[in-house]
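An overview of the molecular structure
Single-letter residue listing:
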Amino acid sequence: MEVLGVDACGRPGWTGIRLRDGAFAGSLVGLRLDVLIKRAAGAEAIAVDMPLGLIEKGWRAADLGARALLGARRNSVFLVAPRPAWREPDYLSAGDRCHELTGHRLSRQAWALAPKLLEARACWLADERIHEVHPEVSFFALAGGVPLDHAKKTWRGQNARRRLLAAAGIVLPDELGEADRVPVDDVLDAAAAAWSAYRIGLGVAGRIPEMPELDVEGRVVEIRY
């Protein structure tokens, strides 16, 4: 079984880690997510580190559940604004709309993700193989249900994440191929997404929240791991 885990990165745009039967099978890098996905046409499950399902009002139960699960690492999960906020033309109007629907304004960090969020959402709506994941939730599961002590950009944090992946059978080689020029934390996040994609393909992946919450398009709003 082939699967793909994808993470958004500043340059060149998206990076993917491919697994075959749970082991590293190569990396992909591309400016556009839809093109990158087409290059992995044989993937049975695709996991993307990006909010995909959006609700109309309030905060997503998936984000609230993930934050509760991660404890000390809860800040790695940002609260995703309702769908109407992402349809606004600029940050100020999006913030106003978010405040109207949640009682809080949208952060600039979250708004900076708008282009990639909308790009990934369009792919998700068009392809049922695509699922939303969050790498810190995946690493939490890889660590046996324990939040990691160190952030992913630190030396200790990156080494801990690479060890967890290797213990699960995902040994990242020194020469990755296309992803050689991608920042280490993005590669690790894509690999964690791929681990979750493999679990989805096997039918053993967990989900947050347990009770379904629906997107306006009728698809389930959830984080898989």
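Look up a bit, the structure's there.
We now turn to the structure provided with this report. (Residues numbered from 1 in each chain as written. Predicted model: local features only at pLDDT ≥ 70, side-chain atom pairs only at ≥ 80, totals over all residues. Heavy atoms only, no water.)

**Describing the packing of aromatic side chains**
For the structure shown, the criterion picks out one aromatic pair. Relative to tryptophan 111, the ring of tryptophan 86 lies with its centre 6.1 Å away and its plane at 15 degrees, an arrangement referred to as stacked. Residue tryptophan 86 is located in helix H3 (residues 83-86), and its partner tryptophan 111 is located in helix H5 (residues 108-111); the two are separated by 25 residues in the primary sequence. In this structure, tryptophan 86 and tryptophan 111 share a single accessibility class: buried. In this structure, lysine 116 is placed above the aromatic ring of tryptophan 14, and the distance from its NZ or CZ to the ring centre is 6.0 Å. Lying across the ring of phenylalanine 139, arginine 161 places its NZ or CZ 5.5 Å from the centre. (Phe/Tyr/Trp six-rings, centres within 6.5 Å; stacked < 30°, edge-to-face > 60°. Helix = DSSP H or I, 4+ residues; strand = E, 2+ residues; numbered from the N terminus. Buried < 20%, exposed > 50% of the residue type's maximum accessible area, 1.4 Å probe, protein only. Lys NZ or Arg CZ within 6 Å of the ring centre and 35° of its normal.)

**Thoughts on the pattern of salt bridges**
Tallied over the entire structure, the rule returns 19 salt bridges. Between glutamate 2 and arginine 20 there is a salt bridge whose closest N-O contact spans 3.1 Å. Taken together, the residues glutamate 2 in strand E1 (residues 2-8) and arginine 20 in strand E2 (residues 14-20) connect sequence positions 18 residues apart. For the salt bridge of arginine 224 with glutamate 222, the shortest nitrogen-to-oxygen distance reads 3.8 Å. By the burial criterion, arginine 224 is buried, and glutamate 222 matches it. Overlapping salt bridges bring together Glu2, Arg18 and Arg20 as one network. (Salt bridge = Lys/Arg side-chain N within 4 Å of Asp/Glu carboxyl O.)

**Here's the deal with the side chain of aspartate 185**
Mapping aspartate 185 onto the fold places it in helix H9 (residues 184-202). Sequence-distant contacts of aspartate 185, defined by excluding residues within four places in its chain, comprise Lys152, Lys153 and Gln158. (Contact = heavy atoms within 4.5 Å.)

**Points about the packing of helix H2 (residues 61-70) against helix H7 (residues 135-142)**
One way to put it is that H2 packs onto H7 with a least axis distance of 10 Å and a crossing angle of 40 degrees. By the criterion of interaxial angle, the relationship of H2 to H7 is oblique. H2 and H7 meet at a crossing whose hand is left-handed. From H2, Ala66, Leu69 and Leu70 reach across to H7, where they touch Glu136, Val137 and Phe140. Grouping the constituent residues of the contact of H2 with H7 by class yields five nonpolar, no polar and one charged. (Axes fitted to C-alpha atoms, helices over the stretch in contact; angles between N-to-C directions. Parallel < 35°, antiparallel > 145°, perpendicular 65-115°, else oblique. Left-handed = near helix turned anticlockwise from the far one by under 90°. Nonpolar A, V, L, I, M, F, W, Y, C, P; charged D, E, K, R; others polar.)

**Some words on the state of the cysteines**
The bond known as a disulfide is covalent and runs between the sulfur atoms of two cysteines. Throughout the structure, instances matching the rule amount to zero disulfides. With no disulfide of its own, cysteine 9 has cysteine 123 as its nearest cysteine by sulfur position, at a separation of 15 Å. Accessibility expressed as a relative area gives 3% for cysteine 9, which makes it buried. (Disulfide = S-S within 2.5 Å.)

**A word on the nonpolar core**
Core analysis: the biggest nonpolar cluster contains 32 residues, and Leu4, Val6, Trp14, Ile46, Trp86, Leu106 and Ile130 have the highest contact counts within it. Going through the elements one at a time, E1, helix H1 (33-39), strand E4 (45-49), H3, helix H4 (91-102), H5 and helix H6 (114-126) are the ones with two or more residues in this core. Looking at this core, the element that brings in the most residues is H6, giving five residues. (Core = buried A, V, L, I, M, F, W, Y, C linked by side-chain atoms within 4.5 Å.)

**Considering the packing of H7 against helix H8 (residues 155-167)**
Here H7 crosses H8 at 60 degrees, and the two axes come no closer than 10 Å. By the angle between their directions, the pair H7 and H8 is classed as oblique. When you trace H7 past H8, the crossing you get is left-handed. Between H7, through Glu136, Phe139 and Leu142, and H8, the contact on the second element is made entirely by Arg161, Leu164 and Leu165. Tallied by class, residues from the contact of H7 with H8 come to four nonpolar, no polar and two charged.

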